[in-house]
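Structure at a glance
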Amino acid sequence: MKFSDLQSLYGRLPQAGALLKTLDGKKAHKLLVEGLVGSSVPLLFSSIAGRLNRTVLFILDDSDEAGYFFNDLKKDQACFFPSAYRRAVKYGQRDDANEILRTETLAAVSAKTSPVFIVTCPEAVAELVVSKTHFDERRISLKTSQTIDITDLEHRLRDLGFNEVDYVYEPGQFAVRGSIVDVYSYSSELPFRIDFFGDEIDTIRTFSVEDQLSQDRRSQVEIVPELAVTESEKVPFLHFLPDDTLVVMKDERFVFDTVQRIYNEGFSSQAMTERMEGATELEHERIRRDMTREAVLRKPS
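The notes below deal with the structure included here. (Residues numbered from 1 in each chain as written. Predicted model: local features only at pLDDT ≥ 70, side-chain atom pairs only at ≥ 80, totals over all residues. Heavy atoms only, no water.)

1. Focus on helix α8 (residues 150–159)
As a reminder, the rule being used: Any residue under 20% of the maximum accessible area for its type is buried, any over 50% is exposed, and the rest in between are partly exposed; the area is computed with a 1.4 Å probe on protein chains only. Strands here mean DSSP runs of E at least two residues long; helices mean DSSP runs of H or I at least four residues long; both are numbered from the N terminus. Comment: arc refers to directions from the helix axis out to C-beta atoms. Contact definition: two residues touch when any of their heavy atoms are within 4.5 Å. Polar contacts here mean pairs of N or O atoms no more than 3.5 Å apart (in protein, one a potential hydrogen donor and the other a potential acceptor; neighbouring residues in sequence count only if both atoms are side-chain atoms).
Taken together, the buried positions of α8 are I150, L153, E154 and L157. With its buried residues spanning 100 degrees around the axis, α8 presents them on a single face. Looking at the buried positions of α8, the neighbouring elements they touch are β5 (140–143), β6 (163–164), β7 (173–177), β8 (180–183), β9 (192–197) and β12 (220–223). N-capping of α8 is provided by D149, with a side-chain oxygen placed 2.8 Å from the backbone N of T151.

Here it is, written out as structure tokens:
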């Protein structure tokens, strides 16, 4: 049996119809769904995604469980939203790959093209994100047939903190070769190759860093700089999401307790000391700001 057949069967269950009807009624603020085990939860929601028509945030108990859930969801419009840190937040070791996934999620929500399924964990939602207003100010939307001067695009990229190089190989870089602009956005796992015909964007493709060969063609892309270093206003992740977002949790009390524990722990003094070693006075100020609990974390409330 194919996965699509299972989705169809689950989507036709009377319980699925009852769930949709209750959610559409907008009278119930909290629902308890029982009898779902293993992969049946992501299967149920993927089967009703087309009729739900709203963003859904799934908060699992930890990052491993969230990863399995995300893989079982098997939905194109799904994003994985991890913690920005490699280990526990208190150690202060940021993870570039996780930053890309987080920014990719913010870009998908901000684009408003369709509702998004977001899978996350308490560690991730405990961390503040840039506000939606500041995010929109710091992104560049490009699409094929759009008219834009290459020089203006270069200036905009520099203003956002992108570094010009000969060949891009990591996020935050761009390269210009004649009518081609390569950009590695923090909102994509692969860099973009934008081919101009005069001042008009002819094609947009992703490409591989290793061999520089083009991959998938895109009709529209979002270019976003590194948001972790911005001093812009920060807000809880739930404030970034649409007002009608459905929040699904396996264990509500556990999520709240975990977020509270992370906030109480903050950043360890050892982690602060390690970051300070060899840094300049100016960098010391930035490190203190980046590792201040109130500036990075949020309480469960």
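2. Quick look at the sheet that holds strand β3 (residues 117–120)
Convention followed: Any two strands with at least two DSSP bridges between them are considered paired. To obtain each axis, a line is fitted to C-alpha atoms, and for helices this fit is confined to the stretch in contact; angles are then taken between N-to-C directions over 0 to 180 degrees.
Reading across the sheet, the four strands line up as β2-β3-β1-β14 and stay open at both edges, with parallel pairing between neighbours. Among the strands making up the open sheet, the edge pair consists of β2 (78–81) and β14 (246–249). Each strand of the sheet is rotated relative to its neighbour by a mean of 20 degrees, with strand direction disregarded. Sheet topology places strand β1 (residues 56–59) next to β14; four bridges connect them, and they run parallel. Along β14, the bridge assignment pairs F58 with V248. Strands β2 and β3 of the sheet are contacted by helix α5 (residues 96–111), whose axis makes an angle of about 140 degrees with β2.

3. What to know about the pattern of salt bridges
Put simply, the rule reads: Throughout this description, the term salt bridge denotes a Lys or Arg side-chain nitrogen within 4 Å of a carboxyl oxygen of Asp or Glu.
Scanning the entire structure with this criterion turns up 15 salt bridges. One salt bridge in this structure joins R139 and E222, with 2.6 Å as the shortest N-O distance. Taken together, the residues R139 in the loop between α7 (132–137) and β5 and E222 in strand β12 connect sequence positions 83 residues apart.

4. What to know about the nonpolar core
The cut-off we apply is this: As used here, the term nonpolar core means buried Ala, Val, Leu, Ile, Met, Phe, Trp, Tyr and Cys residues forming a set that is joined through side-chain atoms within 4.5 Å.
Ranked by size, the top nonpolar core spans 38 residues in total, and within it F81, L106, I118, V129, F135, F237 and F240 carry the most contacts. Contributions of two or more residues to this core are made by β1, β2, α5, α6 (122–125), β4 (129–130), α9 (237–240), α10 (252–265) and α11 (269–276). Once you skip the residues sitting within four places of it in the chain, V129 turns out to touch F81, R102, L106, E233, K234, V235, P236, F237 and F240. Core analysis: the second largest hydrophobic core is formed by 22 residues, A16, L23, A78 and V119 among them.

5. A short note on the pairing of strand β10 (residues 200–207)
Pairing geometry for β9 and β10, over six bridges, is antiparallel. The partner of F197 across the bridge, within β10, is E200. In this antiparallel pair of consecutive strands, β9 and β10, the connection spans two residues, and G198 shows a positive phi of 75 degrees. Sheet analysis places β10 next to strand β11 (residues 214–218), joined by three bridges and oriented antiparallel. Within β11, the position partnered with F207 by the bridge is S214. Hairpin connection, β10 to β11: the antiparallel pair is bridged by six residues, and Q212 has positive phi, about 65 degrees.

6. Brief notes about unusual backbone geometry
The phi torsion at N53 lies on the positive side, around 55 degrees, for a residue other than glycine. Along the chain, N53 falls in the loop between α3 (40–52) and β1. Here N53 falls in the exposed class, since its relative accessible area comes to 57%. Its identity is not glycine, yet Q212 carries a phi of approximately 65 degrees, on the positive side. Along the chain, Q212 turns up in the loop between β10 and β11. Since its relative accessible area comes to 21%, Q212 is described here as partly exposed.

7. Quick word on the sheet that holds β6
Ordered by their spatial adjacency, six strands build an open sheet running β6-β7-β8-β9-β10-β11, and the pairing between neighbours is mixed. Sheet topology places β6 and β11 at the edges, where each strand pairs with a single neighbour. Helix-sheet contacts for α8 involve β6, β7, β8 and β9, and the interaxial angle to β7 is about 160 degrees.

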